[in-house]
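These are the residues of each chain, in order.
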Amino acid sequence: MSRVEAVYVAASTNRYFQTASVSPRGLVAFGSGSLVALWDAEDPLDRGVHETLPGHEGVVTCVRFAGNDTFVSADEKGVIRLWKKTDSQWRTYATQQAHKASIASLTVHGRHIVTGASDSAVKVWLAPEGETDSLQELQTIQIRKGFPISLALEVLPGTESLILAIGSTDRNIHLWTSSEGMFVQAAVLSGHEDWVKNLAFRPPQNDGDALILASGSQDATIRLWNIERFTKPTFTPSGGSTSEVTDELLDAFEASLVNLEDTEDGGRQISLKRHVLTVKSSQKGSQLFSVTFDALLIGHEAGVTSLSWRPQNSPTATPTLMSTSTDSSLILWSPSTVLTSSKDGTTLWINRQRFGDVGGQRLGGFVGGLWARSGADAMAWGWNGGWRRWRCQSKETDRETALEEWTEVGAITGHRAPVRSVAWSPHGEYLISASLDQTTRIHGAIPTESTDGTSIPVWHEIARPQVHGYDLIGAAFLDPLRFVSIADEKVVRVFEAPREFVDIVNNLRIAELDSGEENRPRAAAVPPLGLSNKALTDASAVAEVNGDADDARTRRRPFEGELAAVTLWPEIEKVFGHGYESIALAVSNNKEYIATACKATSAEHAVVRVYETQTWQLVGQPLAGHNLTVTRIAFSPDDSLILSVSRDRSWRLFEKSDDGYVPVAADKSHGRIIWDCAWAPQGDIFATASRDKTVKIWRRQDEQSKKWVAAATIQLKSAATAVAFAPVSQKNRSRTLAVGLESGEILLHSSPLEDPSQWSCTLTIDSHLAHVDHIHRLAWRPTGEHDLQQLASCGEDGTLKLLTVHIADPE
């Protein structure tokens, strides 16, 4: 029985500040396109994302855990899904079309779920108790002015009533309290000068403590509000008892409270007005709560994107608030133990730690942040979808007394746009991917010691050799230290590894590379307004780009902040020739030739150009014959033939001669565009995959003939977009063909070696392990010392996956 398991998943995080959430056990769930990705942040081996959950049709905007085994996710089409883990499988147990517009915020407390969307409505839902029931809508709150962009829900201290805070684009915070099952408007907190983008409640740890509400805004400030029980005034109305305090009296009392809004200096007005909330409950009659403004935290230079309170391990622990901002900084705030007198009742909050980049030169800064490992890890994800993580090195007992020591540790990364290409280095040591997010990335397996002492290869991104100004379409290795890439431009670019990359690969034992040359450049940088990576050999220039080019950095994997800046490869060659943007690239098996094609609407441009890789000169004449864009090129295993397939629904074969490659065969039997083609390792057959929902297998009519005929046609349920033959293994007496579909599934078909006309489907890899959209490329790992059959795949959903496939012999 063939089976498959996921080894590595690279997925980026969506650009929504509530798209990630962490469970009490340290499982992070985040939206990656329309998938929900799961990452165990407490995994001792640090294996990154281990599963992706399909289900949403729109981009996932919010995820919130309701416990260790349940979470709620929402998307931009207004749908919410409730997920539950049963028998170690996550599955949806309730789905609801909650809003007509995109859901911008979501909060969960017990069975209550509150959603806010860009249709100006906030809806309160009750989660089903059984798995067969649906969500019950309790209430709809219409926001009259502005949109609800942040929500927080908590229990009022000493009651069973809930308090709901709604942050709005009208720059106010609206407080609603639940009274006999329905929420009623209680107060409006003003003070922020821009949109209120995030809210976070900190429940009281001890009796008598206040419930703290933190609000962060686009105006770069954070405000803290104390909500505590309010003692009734001591004066009594004439002719009545204190228990019958009328609403008019209360209103008069509120109006008589000090109002310091009209300050003389005309600066930022700090309102000390006390808002009084009345909460009616069936058991205790009505209770009063006051809401007062407590502190203004100023430290960020740009809008605050998320707030999160540190999990408390003991009731006496210092409260700590994490905030992230678009200025690329993450700040930890806590109250100062000095400089304040307890008489005035205010707290002085100070900036304890600041992480991230000074000066905010990284585009977009941080989108959001979370705590993990019970408050020992502070993590944030950035505009490009990668995470950064800092770990507190102090023991829990020391945290109260000493200043904490924090160090950055590695986290997870992924492409934040469709991944168009994936290719292996010649011996399968590592993998290169190219994406429309304008980067190429190299992923390698780092041997990591597990608890029982065995060494397990754990995959991570180890370099980002090209950060470009054009969308990248393809990349392929010439040797372990050189690769070629094509982008949405006419130029083909060639890159060579810097010494830094060689050091990282050798030090982390990913592979043993012999750099060979002492004069290999140390690193590379992109000049301002330039597109080409320039080599840096001068020590001062390297230090300027890389900070301290020390050995310590090459002994660990690069962090997200370094990948984009210091792991670039210098560009050594540009190859010109095509009249339009590049679309296809192939490297010959002996690495002596590359073949390229460009977008074309006429026969004149629908040609394949072959270059030799020593002098980068054209070999022979361009290979003509197609009428429209050539979508894929493949060299036969002995490089004697070049196969090209095209949008014009035909394939063509060119044979090597003294004058370059010359046409020998062609066929046009597919009914729609041919997306991909692949040669079998023996070189006797090849496969073509088409949008007409078939894969055709072709072989020579007889040994002397130059005519190729279809030996088999594999019928599929959706368009075939990628094909790849598995490498030959000693054990198997059969061929294996992987087929990627437009629906995101991967099918494995096998056939006896002697008879390529008989194909049977041996395994279907569904969207849980494969993809949820058009698969762009499949690549089997070249078999080296490892005897595993591993398949890398990439697709339109922006994920890159590496699967280990255990192929059973067909009976």
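Values in this document were obtained by computation on a predicted structure and should not be read as measured data.

Trainee: Any chance you could break down the overall build of the protein for me, citing the residues and the numbers?
Mentor: A tally of regular secondary structure across the protein gives four helices and 58 strands. Within the protein, buried positions represent 56% of all 811 residues. Partitioning the contacts of the protein with sequence separation of at least 6, the portion at a separation of at least 24 is 51%. Summed over its atoms, the accessible surface of the protein is roughly 34,000 Å², and 47% of this surface lies on carbon and sulfur atoms.

Trainee: Can you break down the pattern of salt bridges residue by residue, with the values?
Mentor: By the definition in use, this model includes 30 salt bridges. With a closest N to O distance of 2.9 Å, Asp377 and Arg391 form a salt bridge. One end of the pair, Asp377, is in strand S28 (residues 377–382); the other, Arg391, is in strand S29 (residues 387–392), and 14 residues separate them in sequence. In this structure, the salt-bridge partner of Glu745 is Lys717, at a minimum N-O distance of 2.7 Å.

Trainee: How would you explain the nonpolar core if you had to name every residue and give the values?
Mentor: In this structure, Tyr430, Ile442, Phe501, Val505, Leu513 and Trp569 are the most contacted members of the largest nonpolar core, which totals 25 residues. In terms of residues, this core owes the most to one element, helix H2 (residues 499–507), which gives four residues. Ignoring anything within four residues of it in the chain, the contact list for Phe501 reads Tyr430, Ile442, Ile462, Ala463, Leu481, Leu513 and Trp569. Counting 20 residues, the second-largest nonpolar core is a separate cluster that includes Leu211, Leu213, Trp225 and Val291.

Trainee: Explain the packing of aromatic side chains residue by residue, including any values.
Mentor: In total, this model carries 29 aromatic pairs according to the counting rule given. Considering the side-chain rings of Phe635 and Tyr661, the 6.4 Å spacing of their centres and the 75° angle between planes classify their relative orientation as edge-to-face. Of the two residues, Phe635 sits in strand S44 (residues 630–635) while Tyr661 sits in strand S47 (residues 660–667), which places them 26 residues apart along the sequence. Summarising the burial analysis for this pair, Phe635 and Tyr661 share the class buried. By way of ring pairs, the aromatic residues Tyr430, Phe477, Phe483, Phe495, Phe501 and Trp569 are connected into one cluster. Over the ring of Phe293 we find Arg223, and its NZ or CZ is 4.8 Å from the ring centre. The ring of Phe559 has Arg556 sitting right over it, with the charged end atom 4.0 Å from the ring centre.

Trainee: Run through the sheet that holds strand S23 (residues 304–309), naming residues and quoting values.
Mentor: Taken in spatial order, the four strands make up an open sheet running S23-S24-S25-S26, and their pairing is antiparallel. Of all strands in the sheet, those with a lone pairing partner are S23 and strand S26 (349–356), marking the two edges. Within the sheet, the average angular offset between the axes of one strand and its neighbour, ignoring direction, is 20°. Bridge count for strand S24 (residues 321–325) against strand S25 (residues 329–335) is four bridges, and the pairing is antiparallel. If you follow Met322 over to S25, its bridge partner there is Leu332.

Trainee: Explain the sheet that holds strand S53 (residues 734–741) to me, and be specific about the residues and the numbers.
Mentor: The sheet built from four strands is open, its strands ordered S52-S53-S54-S55 with antiparallel pairing. The open sheet has two edge strands, strand S52 (720–725) and strand S55 (760–765), and neither has a second partner. Geometrically, the sheet is characterised by an average inter-axis angle of 25° between neighbouring strands, direction not taken into account.

Trainee: Quick rundown of unusual backbone geometry? Include the residues and the values.
Mentor: Its identity as a non-glycine residue notwithstanding, Ala220 has a phi of 75°, on the positive side. Within the secondary structure, Ala220 is located in the loop between strand S19 (211–217) and strand S20 (221–229). With a phi angle near 60°, Arg509 is a residue other than glycine that sits in the positive phi range. Within the secondary structure, Arg509 sits in the loop between H2 and strand S38 (523–525).

Trainee: So what about the environment of Thr13? Which residues, and what values?
Mentor: With respect to the helices and strands, Thr13 occurs in the loop between strand S1 (3–10) and strand S2 (20–22). Take Thr13: its relative accessible area is 3%, and that puts it in the buried class. With 47 residues separating them in the primary sequence, Thr13 and Val60 have C-alpha atoms 9.7 Å apart. Contacts of Thr13, omitting those with residues within four sequence positions, involve Thr19, Phe30, Gly31, Trp381, Gly385 and Trp387.

Trainee: Now, about a positive patch on the surface: what can you tell me, with residues and values included?
Mentor: A cluster of like positive charges, contributed by Arg649, Lys668, Arg672 and Arg691, occupies part of the molecular surface. Along the chain, Lys668 turns up in the loop between S47 and strand S48 (674–679). A relative accessible area of 57% means that Lys668 is categorised as exposed.

Trainee: So what's going on with the environment of Arg373? Residues and values would help.
Mentor: Assignment of secondary structure puts Arg373 in the loop between strand S27 (366–372) and S28. With 18 residues separating them along the chain, Arg373 and Arg391 place their C-alpha atoms 9.2 Å apart. Residues in contact with Arg373, not counting those within four places in the same chain, are Ala41, Glu42 and Arg391.

Criteria and thresholds
Residues numbered from 1 in each chain as written. Predicted model: local features only at pLDDT ≥ 70, side-chain atom pairs only at ≥ 80, totals over all residues. Heavy atoms only, no water. Helix = DSSP H or I, 4+ residues; strand = E, 2+ residues; numbered from the N terminus. Buried < 20%, exposed > 50% of the residue type's maximum accessible area, 1.4 Å probe, protein only. Contact = heavy atoms within 4.5 Å. Areas by Shrake-Rupley, 256 points an atom, 1.4 Å probe, with all protein chains shown as cover. Salt bridge = Lys/Arg side-chain N within 4 Å of Asp/Glu carboxyl O. Core = buried A, V, L, I, M, F, W, Y, C linked by side-chain atoms within 4.5 Å. Phe/Tyr/Trp six-rings, centres within 6.5 Å; stacked < 30°, edge-to-face > 60°. Lys NZ or Arg CZ within 6 Å of the ring centre and 35° of its normal. Pairing = 2+ DSSP bridges. Axes fitted to C-alpha atoms, helices over the stretch in contact; angles between N-to-C directions. Patch = residues over 30% accessible without salt bridge, like charges linked within 9 Å, V, L, I, M, F, W, Y side chains within 5 Å. Lys, Arg positive; Asp, Glu negative; His and termini not counted. Charge placed at Lys NZ, Arg CZ, Asp CG, Glu CD.

What is shown is where atoms sit, not what they do.
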